[in-house]
Amino acid sequence: MSSADPSLRLRPWASLVLFFSAYAPLLLILIVKDYDPLHPSWLPRNPELSGTLLCIAVFSSVAILRSMHEITGGLPVVVTKAANKSGDMFGYTIPYMLSFLRVDLGDWQTLISLAIFLAILFVMAYRTQTVFVNPILALAGYMLIDCTFKRGDNEIQAMVVTRMPLSIGKTYQMERLSHYLYVAAAQNGSKKKGESDE
């Protein structure tokens, strides 16, 4: 049991990177809105801040996609029930309403308000361990599945992030991220193993 526990709690800095990836498109929208429509230029009105936002958006997106790709192992389980809950990922799109408002990146009050808002969202995502549930994964083809599976005599119900459809009765390898969140390892070897175990 202790060998699986380290995967239950992401480091705060790693969770922060994953959290920013969920809002990478929003950061890009804010950069676009920082351009002056009356005086077109190659640079936005606040190039230093816009450049920082661009780096955060790119780095965080690459980080989460790479981390998902590197998950190649986990606990072998047999799926007994599965329901697609990918629509829950759209909950992250609510803050994107900010893109329809006038946001001045040169205004310190706007920046502080935005920072407080994102900080609250981050604490909520970190405490609930839902940082892996975000639109970037949905755009990359990942699904969120409400899944029930068995490991030995134990039956577990949890949310599973996966890029492949989960078939009932087949065996998959699940990496445990939190008590109610798993990632299905997308490895050909594990899928073939699942098919041979039937």
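Cut-off values and rules
Residues numbered from 1 in each chain as written. Predicted model: local features only at pLDDT ≥ 70, side-chain atom pairs only at ≥ 80, totals over all residues. Heavy atoms only, no water. Helix = DSSP H or I, 4+ residues; strand = E, 2+ residues; numbered from the N terminus. Expected span 1.5 Å × (residues − 1). Buried < 20%, exposed > 50% of the residue type's maximum accessible area, 1.4 Å probe, protein only. Arc of directions from axis to C-beta. Contact = heavy atoms within 4.5 Å. Pairing = 2+ DSSP bridges. Axes fitted to C-alpha atoms, helices over the stretch in contact; angles between N-to-C directions. Core = buried A, V, L, I, M, F, W, Y, C linked by side-chain atoms within 4.5 Å. Phe/Tyr/Trp six-rings, centres within 6.5 Å; stacked < 30°, edge-to-face > 60°. Salt bridge = Lys/Arg side-chain N within 4 Å of Asp/Glu carboxyl O. Polar contact = N/O pair within 3.5 Å; in protein donor to acceptor, adjacent residues only side chain to side chain.

(A) Looking closely at helix α4 (residues 108-127). The terminal C-alpha atoms of α4 lie 28 Å apart, and with 20 residues this matches the ideal 28 Å at 1.5 Å per residue to within 8%. Among the residues of α4, L114, L118, L121, F122 and A125 are the ones counted as buried. Along the axis of α4, the buried positions cluster into a sector of 105°, meaning they face one direction only. Facing away from the buried side of α4, by more than 90 degrees, are the exposed residues W108, M124 and R127. For α4, the elements touching its buried residues are α1 (12-22) and α2 (24-33). Following α4 by one or two positions, Q129 adopts a phi angle in the positive range, close to 55°.

(B) Quick look at the sheet that holds strand β2 (residues 143-151). Pairing within the closed barrel is mixed, and its five strands lie in the order β1-β2-β3-β5-β4. The sheet shows a mean angle of 55° between the axes of neighbouring strands, taken without regard to direction. When β2 meets strand β3 (residues 154-162), the two strands line up antiparallel, connected through nine bridges. Residue pairing in the sheet places T148 in a bridge with Q157 of β3.

(C) Structural detail: the nonpolar core. F19, M68 and V161 are the most contacted members of the largest nonpolar core, which totals 33 residues. Only α1, α2, α3 (47-69), α4, α5 (135-139) and β5 (181-184) provide two or more residues apiece to this core. In this structure, V77, C147, Y182 and A184 belong to the second largest nonpolar core, which totals 13 residues.

(D) Structural view of the packing of aromatic side chains. Evaluation of the coordinates by the stated rule reveals five aromatic pairs. Note on F19 and F122: the rings are 5.5 Å apart at their centroids and 65° apart in plane angle, and the pair reads as edge-to-face. With F19 in helix α1 and F122 in helix α4, the pair connects residues that are 103 residues apart, well separated along the chain. For the residue pair F19 and F122, the accessibility class agrees, reading buried in each case. Through successive ring pairs, a cluster of aromatic residues spans F19, F20, Y23, F122 and Y126.

(E) How the structure looks around the pattern of salt bridges. As enumerated under the stated definition, the model contains one salt bridge in all. Salt-bridge contacts for E70 lead to R66; the nearest nitrogen and oxygen are separated by 3.1 Å. Judged by its relative accessible area of 48%, E70 falls in the partly exposed class. With relative accessibility at 56%, the residue R66 sits in the exposed group.

(F) A look at the pairing of β3. Between β2 and β3, which follow one another and run antiparallel, lie two residues, and G152 among them has a positive phi close to 70°. The sheet contact formed by β3 and β5 spans three bridges and is parallel. Following the sheet pairing, V160 is matched in β5 by Y182.

(G) A look at the side chain of S61. When you line up the elements, S61 lands in helix α3. Judged by its relative accessible area of 14%, S61 is buried. For S61, the side chain forms a polar contact with the main-chain oxygen of A57, separated by 2.8 Å. When residues no more than four places from it in sequence are discounted, the contact partners of S61 are S21, A24 and I136.

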